[in-house]
Amino acid sequence: MNTYTWNVDKNVDIQKSYPQIRQAAELLQRNEVVAFPTETVYGLGANATSSEAVRKIYEAKGRPSDNPLIVHIDDKRQLGDLVAEIPASAYLLMDEFWPGPLTIIFAKKPGVFSDIVTAGLDTVAIRVPDHPVARAILHETNLPIAAPSANRSGRPSPTTAHHVATDLTGRIAGIVDGGPTGVGVESTVIDCTVTPPMILRPGGVTAEQIREVIGDVSIDPSLKEGEGAPKSPGMKYTHYAPEAPVYLVEGNVQRLQQLIDRKQAEGMKVGVMSTREAASDLKADVVVTCGSREDLSTVARDLYEALRHFNETDVDIILSETFSKEGIGSAIMNRLEKAAGYNYL
Ligand code: TXA
Ligand code: MG
């Protein structure tokens with residue numbers, strides 16, 4: 001399959017890019033899959049009302065079909081046609097965080113979505129992305145668009161069109177290149193069908209921010225399993241992973257350097273993922289800088305690019321700094337622990 005690429009500058013009036021947006025929208029309307037930028041990561045879009053279209057997402061990604069997809073819409077006023085009920089908590093969250101990196105789980109209206117979007121569940125995950133290119137495409141298709149992250153399953157999510165092309169060229173109809181995304185980690189997923197609402201995936205909107213708006217909120221207990229003590233490797237948990245194994249290192253720069261030295265003494269080429277503050281003090285075969293400790297949103301923004309960068313090197317092992325699980329740190333550590341299969345050194 002030929003994969004067409006359109007360039008769209010998100011910083012100029014989106015009307016100027018109408019021909020490109022129109023072509024991408026037309027492919028989506030014809031039930032093809034097209035990747036496009038959102039404020040979090042690039043999404044791989046398809047018509048959420050068509051099983052023929054949605055099946056192509058799972059095929060292109062190599063994604064297990066029991067993992068449901070997020071549906072993207074242009075305006076919350078469309079919700080009435082898509083969901084069975086809008087709980088009070090969801091109204092509050094939408095007012096505060098939409099458009100933006102928050103996905104809300106609703107009871108779905110029967111007969112609207114392809115069953116494979118929701119993996120057969122009675123619920124559906126929906127968000128309004130905060131990105132002019134995504135919004136223009138959604139507006140132009142006038143369809144609810146299912147869009148998981150536009151990476152091959154298991155690999156780090158894409159934050160540039162180049163990442164998407166690396167994973168999916170020849171497997172999808174098109175890529176809309178709107179430059180690098182901003183937030184860098186995926187949306188927070190919150191289930192508003194339960195009381196209190198439950199965070200199922202930490203992401204761009206923090207638990208602290210959500211609590212300020214709706215008060216009581218619970219956190220899926222399975223998210224806490226990787227906490228604290230080192231966990232045994234479990235392949236089923238490995239996501240967001242570069243080709244070389246990743247290990248997380250707690251403690252100071254000296255401890256990290258000792259571990260680098262030890263692995264090098266064992267004959268390994270060692271890659272390190274480090275914040276700007278520590279990078280110049282570390283000696284390893286490859287040092288990749290990922291944001292600054294002074295502002296963890298920069299770590300989130302650079303995380304997947306940093307993880308992917310190691311695939312262009314010949315390192316045997318990757319050691320990464322760790323972060324507090326407060327605020328956006330919760331999403332960063334969730335992705336890092338998955339990339340590392342919960343392995344700490
Ligand atoms: O930022 C994002 O959310 C990106 C961009 C492209 O919008 N999308 C994304 O989608 O990360 P995906 O498919 O990679 O992640 C969907 C997440 C999965 O963890 C899935 O299990 C959960 O949402 N999910 C989807 N529908 C659900 C449902 N009905 N109930 C519970 N979890 C659901
Ligand atoms: Mg994903």
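Residues numbered from 1 in each chain as written. Chains lettered and ligands numbered in written order. Predicted model: local features only at pLDDT ≥ 70, side-chain atom pairs only at ≥ 80, totals over all residues. Heavy atoms only, no water.

A. Geometry of a negative patch on the surface. The grouping of E96, E208, E212 and E326 at the surface amounts to a negative patch. Locating E96 in the fold gives a position in helix α3 (residues 88–97). (Patch = residues over 30% accessible without salt bridge, like charges linked within 9 Å, V, L, I, M, F, W, Y side chains within 5 Å. Areas by Shrake-Rupley, 256 points an atom, 1.4 Å probe, with all protein chains shown as cover. Salt bridge = Lys/Arg side-chain N within 4 Å of Asp/Glu carboxyl O. Lys, Arg positive; Asp, Glu negative; His and termini not counted. Charge placed at Lys NZ, Arg CZ, Asp CG, Glu CD. Helix = DSSP H or I, 4+ residues; strand = E, 2+ residues; numbered from the N terminus.)

B. Just the site of ligand 1, in detail. Near ligand 1 there are 23 residues, and of these T40, N67, H72, S187 and R201 occur at the shortest range. Separating an oxygen atom of ligand 1 from a side-chain N or O atom of R63 is a distance of 3.1 Å. Here an oxygen atom of ligand 1 sits 2.5 Å away from a polar atom, N or O, in the side chain of S187. Looking at the shell around ligand 1, the elements that each hand over two or more residues are β4 (70–72), β6 (123–127) and β10 (198–201). If you tally residues by element for the shell around ligand 1, the top one is β6, at four residues. Among the residues making up the shell around ligand 1, the classes are represented as twelve nonpolar, seven polar and four charged. (Near = heavy atom within 4 Å. Polar contact = N/O pair within 3.5 Å; in protein donor to acceptor, adjacent residues only side chain to side chain. Nonpolar A, V, L, I, M, F, W, Y, C, P; charged D, E, K, R; others polar.)

C. View of the UniProt feature "binding site: ATP" (unreviewed entry) in the chain. UniProt records the feature "binding site: ATP" (unreviewed entry) for R63, N67, T123, S149, S157, R201 and Y240 in the present numbering. What stands out for the annotated residues spanning 178 residues is how far apart their C-alpha atoms range, the widest pair being 25.6 Å apart. Examined against the element boundaries, T123 turns out to sit in strand β6. Among all residues touching T123, those that are not within four sequence positions of it are I105, F106, A107, K108, T118 and T193. In this structure, R201 sits in strand β10. You can call R201 partly exposed: its relative accessible area is 21%. In this view, R201 contacts I70, E186, S187, T188, V189, L223 and R335; residues no more than four positions away in its chain are not counted. Here the side chain of R201 touches S187 through a polar contact of 3.0 Å, landing on its backbone oxygen. (UniProt positions renumbered as here; feature names shortened; annotations may be inferred. Contact = heavy atoms within 4.5 Å. Buried < 20%, exposed > 50% of the residue type's maximum accessible area, 1.4 Å probe, protein only.)

D. Inspection of the sheet that holds strand β8 (residues 174–177) at higher detail. Spatially, eleven strands are ordered β1-β8-β2-β3-β7-β4-β6-β5-β9-β10-β11 in an open sheet, and the strand pairing comes out mixed. Every other strand in the sheet has two partners, leaving β1 (4–7) and β11 (218–219) as the edge strands with one partner each. Relative to β8, β1 runs parallel, the two being bridged by four bridges. Its bridge partner being in β8, N7 is matched across the sheet by D177. Strands in contact with helix α1 (residues 18–29) are β1, β2 (34–36), β3 (43–47), β7 (145–146) and β8; relative to β1, the strand with the most contacts, it is inclined by about 145 degrees. (Pairing = 2+ DSSP bridges. Axes fitted to C-alpha atoms, helices over the stretch in contact; angles between N-to-C directions.)

E. Examining the UniProt feature "binding site: L-threonine" (unreviewed entry) in the chain more closely. The UniProt record marks T40, H72, R127, A147 and S187 with the feature "binding site: L-threonine" (unreviewed entry), using the residue numbering of this structure. Across 148 residues, the annotated set stays spatially compact, with a maximum C-alpha separation of 12.7 Å. Of note, T40 is situated in the loop between β2 and β3. Residue T40 is classed as buried on the basis of its relative accessible area of 3%. For T40, the residues in contact, after removing those within four places along its chain, are P101, R127, T159, T181, V183, G184, V185, E186 and S187. Its location among the elements puts H72 in strand β4. Residue class for H72 comes out buried when judged on its relative accessible area of 3%. The contact partners of H72, leaving out residues within four places of it in the chain, are R127, P129, L138, L143, P144, I145, A146 and A147. At 3.3 Å, the side chain of H72 and the backbone oxygen of I70 are in polar contact.

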